[in-house]
Amino acid sequence: MILQNTLRFVGKSLKLICFGIVPFMLLASGAKSEIGNASLENGTCSFNIGGSSSFHIDGSASFKRITELDKFGNKADKLVLSFTDCDAGKKHYLEFIIASDYKKTKGVPTGKHKIKNIHCLINSFNGVYGFADLKEVSELPFFIKSGDIIITESISNKVDGKLEVQLENANGESLKVQGVFKAGIKV
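Summary of the structure given here. Here the structure is a predicted model, which is why all the values come from computation and not from measurement. (Residues numbered from 1 in each chain as written. Predicted model: local features only at pLDDT ≥ 70, side-chain atom pairs only at ≥ 80, totals over all residues. Heavy atoms only, no water.)

**Some points on the overall build of the protein**
Point 1. Check the secondary structure of the protein and you find one helix and nine strands.
Point 2. Secondary structure elements in the protein, listed N-terminal to C-terminal, are α-β-β-β-β-β-β-β-β-β.
Point 3. Out of the 187 residues in the protein, the part that is buried amounts to 33%. (Helix = DSSP H or I, 4+ residues; strand = E, 2+ residues; numbered from the N terminus. Buried < 20%, exposed > 50% of the residue type's maximum accessible area, 1.4 Å probe, protein only.)

Here it is as structure tokens:
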């Protein structure tokens, strides 16, 4: 009787482990992984480019901060992020400008910065503007259309974040750029 109850308990426990816990662990570990900021070194970026041709860029990442005054005395802080492919033969270049007139903090704040459509000169502009020169895809430059850039950390000598943006050139070709960066200060 004791042996029969023990066997029944062990059998139920094995069923619970085999049909409950193990499948849950397999499903949890099969999740789609994203490119992580933790694996990048300071001054680098890692982007996936998707569109008519898909490829990956591992490159250098730098930034500079600019404060400008317009003719009315209004101050705008700008963060210029520059990314270049490490493969000298490809000559890929991306640049994004995040402009902010947010009065409570000095500089461009951390958080999500949405892309805004620009239909005028970028003087006194508040938002995100960007372009890419990707020789592997097209001779024409690509300009930012939609998406956002998330600044996760911004201190004096580094800016970390991720981006997911849609770019388009004059021929209507579009590209999606996704990835992470740890930008070092541009000297």
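From this point, the narrative continues.
**Points about the pattern of salt bridges**
Point 1. Going through the model one piece at a time under the given rule, you end up with six salt bridges.
Point 2. One salt bridge connects D148 with K112, and the closest N-O pair in it is separated by 4.0 Å. Of this pair, D148 sits in strand β7 (residues 142–155) while K112 sits in strand β5 (residues 111–114), and the two are 36 residues apart along the sequence.
Point 3. In this structure D148 comes out as buried when scored by relative accessible area, which is 13%.
Point 4. The structure contains a network of salt bridges with shared partners spanning K112, K114 and D148. (Salt bridge = Lys/Arg side-chain N within 4 Å of Asp/Glu carboxyl O.)

**Structural notes on the side chain of D77**
Point 1. Among the structural elements, D77 can be located in strand β3 (residues 75–85).
Point 2. In this structure the side chain of D77 is engaged in a polar contact, spanning 3.0 Å, whose partner is the side chain of T67. (Polar contact = N/O pair within 3.5 Å; in protein donor to acceptor, adjacent residues only side chain to side chain.)

**Side note on the nonpolar core**
Point 1. Judged by nonpolar contacts, the single largest core of 31 residues is most densely connected at F47, L81, F83, I149, L163, V165 and F181.
Point 2. For this core, the elements supplying multiple residues, two or more each, are β1 (44–51), β2 (55–69), β3, β4 (92–100), β6 (127–134), β7, β8 (158–168) and β9 (174–185). (Core = buried A, V, L, I, M, F, W, Y, C linked by side-chain atoms within 4.5 Å.)

**Quick notes on the environment of V180**
Point 1. Looking at the secondary structure, you find V180 in strand β9.
Point 2. Judged by relative accessible area, V180 falls into the buried class, the value being 5%.
Point 3. As a C-alpha pair, V180 and F47 span 133 residues in sequence and 6.5 Å in three-dimensional space.

**Observations regarding the side chain of H92**
Point 1. Tracing the sequence through the fold places H92 in strand β4.
Point 2. Exposure remark for H92: the relative accessible area of 1% places this residue in the buried category.
Point 3. A polar side-chain atom of H92 sits 3.0 Å from a polar atom in the side chain of D85.
Point 4. In contact with H92, other than residues within four places in its own chain, are F55, I57, F83, T84, D85, D133, L134, K135 and E136. (Contact = heavy atoms within 4.5 Å.)

**Some words on the environment of E139**
Point 1. Of note, E139 is situated in the loop between β6 and β7.
Point 2. Residues E139 and N169 lie 30 residues apart in sequence; the distance between their C-alpha atoms is 9.6 Å.

**Quick notes on the packing of aromatic side chains**
We describe a pair of aromatic rings using the distance from one ring centre to the other and the angle between the two ring planes.
Point 1. This model, assessed by the stated rule, comprises four aromatic pairs.
Point 2. Between F83 and F181 the ring centres are 5.3 Å apart and the planes differ by 55°, which places this aromatic pair in the tilted class. With F83 in strand β3 and F181 in strand β9, this residue pair connects regions lying 98 residues apart in the sequence. You'll find F83 and F181 in the same group, each marked buried.
Point 3. Within the aromatic cluster, the residues linked to one another by ring pairs are F47, F83, F96 and F181. (Phe/Tyr/Trp six-rings, centres within 6.5 Å; stacked < 30°, edge-to-face > 60°.)

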